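# Structural description and commentary
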Amino acid sequence: MKKLLSLIIVLTTILSLCVFLNSCQDIKREEFPISFGEKYTFMRDKTFDDGHYVKRIESYIFYKNGKGEYHHYCRAENMKYNDDYTQSATIKFRWDMSSYDGALFLFEEETIYHDDHTDDEEITLIKAPFTVSQNVLFPATTSTIRYVREGSELFDLNNDIEE
């Protein structure tokens, strides 16, 4: 009888521990400040003084299951050097957030180049951590690029689009 009672107590303890650890993971996902399934985008559509034209659209989408997608499109035309190319790809990644300072880390899983990709350069994720908020992703390695949640009041203020 004592062995049966001890076995029940041990199994109950293990089950309780599993439920607790699983709920900790759910809490982490719920506390993540980004809106899941929404695009955080940077856009630039600009012609420079030397005639060089660049159209660049980059978006990150995060999912609650710890996965995400990065969409990269860049079209460049340099009239001076007759150098035109298109970079176009989707990178699937996993994400994790630091419990210490809230830094966001991305880990590449798969890169899919699209049919319109004409450049030989490899497209990769930013390796540095991101600072995040409800409406903004900000890479630690740059001060010029911010990815802003589409539909937020900050979105139109962030993108460098020629009218």
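Throughout what follows, the structure given in this document is the object of discussion.

From N to C terminus, the protein includes two helices and nine strands. Beginning at the N terminus, the succession of helices and strands in the protein can be written as α-β-β-β-β-β-β-β-β-α-β. Relative to its full complement of 163 residues, the protein shows a buried share of 34%. Surface exposure of the protein reaches about 10600 Å², of which carbon and sulfur atoms provide 54%.

Turning our eyes to something else, we now look at the side chain of T86. When you line up the elements, T86 lands in strand β4 (residues 83-97). According to the relative accessible area criterion, T86 is buried, its value standing at 8%. A polar side-chain atom of T86 sits 3.2 Å from a polar atom in the side chain of R75. With residues near it in sequence (within four places) discarded, T86 still touches Y73, C74, R75, D116, H117, T118 and D119.

Once that is clear, we can look at the packing of aromatic side chains. Under the definition given, this model contains nine aromatic pairs. With a centroid separation of 6.3 Å and an interplanar angle of 15°, the aromatic rings of Y60 and F62 are classed as stacked. The exposure classification of Y60 matches that of F62, with both residues buried. Between Y60 and Y70, the ring centres sit 4.7 Å apart and the planes meet at 35°, which makes this aromatic pair tilted. Of this pair, Y60 sits in strand β2 (residues 53-62) while Y70 sits in strand β3 (residues 67-78), and the two are 10 residues apart along the sequence. The same class applies to Y60 and to Y70, which are both buried. Here the aromatic residues F42, Y60, F62, Y70, F93, F130 and Y147 are joined through ring pairs into a cluster of three or more.

So, on to the pattern of salt bridges. With the rule as written, the count across this model stands at five salt bridges. The partner of E77 in a salt bridge is R75, with the nearest N and O atoms 3.5 Å apart. Of the charged contacts, one joins E108 and K127 as a salt bridge, the two residues approaching to 3.1 Å between their closest N and O atoms. Here E108 is found in strand β5 (residues 104-113), whereas its partner K127 is found in the loop between β5 and β6 (130-132), with 19 residues between them in sequence.

Across three bridges, the pairing between β6 and strand β7 (residues 136-139) is antiparallel. Its bridge partner being in β7, V132 is matched across the sheet by L137. The turn linking β6 back onto β7 is made up of three residues. Of the pairings in the sheet, the one linking β7 to strand β8 (residues 147-149) comprises two bridges and is antiparallel in character. What sits directly across from V136, in β8, is V148.

What counts and what doesn't
Residues numbered from 1 in each chain as written. Predicted model: local features only at pLDDT ≥ 70, side-chain atom pairs only at ≥ 80, totals over all residues. Heavy atoms only, no water. Helix = DSSP H or I, 4+ residues; strand = E, 2+ residues; numbered from the N terminus. Buried < 20%, exposed > 50% of the residue type's maximum accessible area, 1.4 Å probe, protein only. Areas by Shrake-Rupley, 256 points an atom, 1.4 Å probe, with all protein chains shown as cover. Polar contact = N/O pair within 3.5 Å; in protein donor to acceptor, adjacent residues only side chain to side chain. Contact = heavy atoms within 4.5 Å. Phe/Tyr/Trp six-rings, centres within 6.5 Å; stacked < 30°, edge-to-face > 60°. Salt bridge = Lys/Arg side-chain N within 4 Å of Asp/Glu carboxyl O. Pairing = 2+ DSSP bridges.

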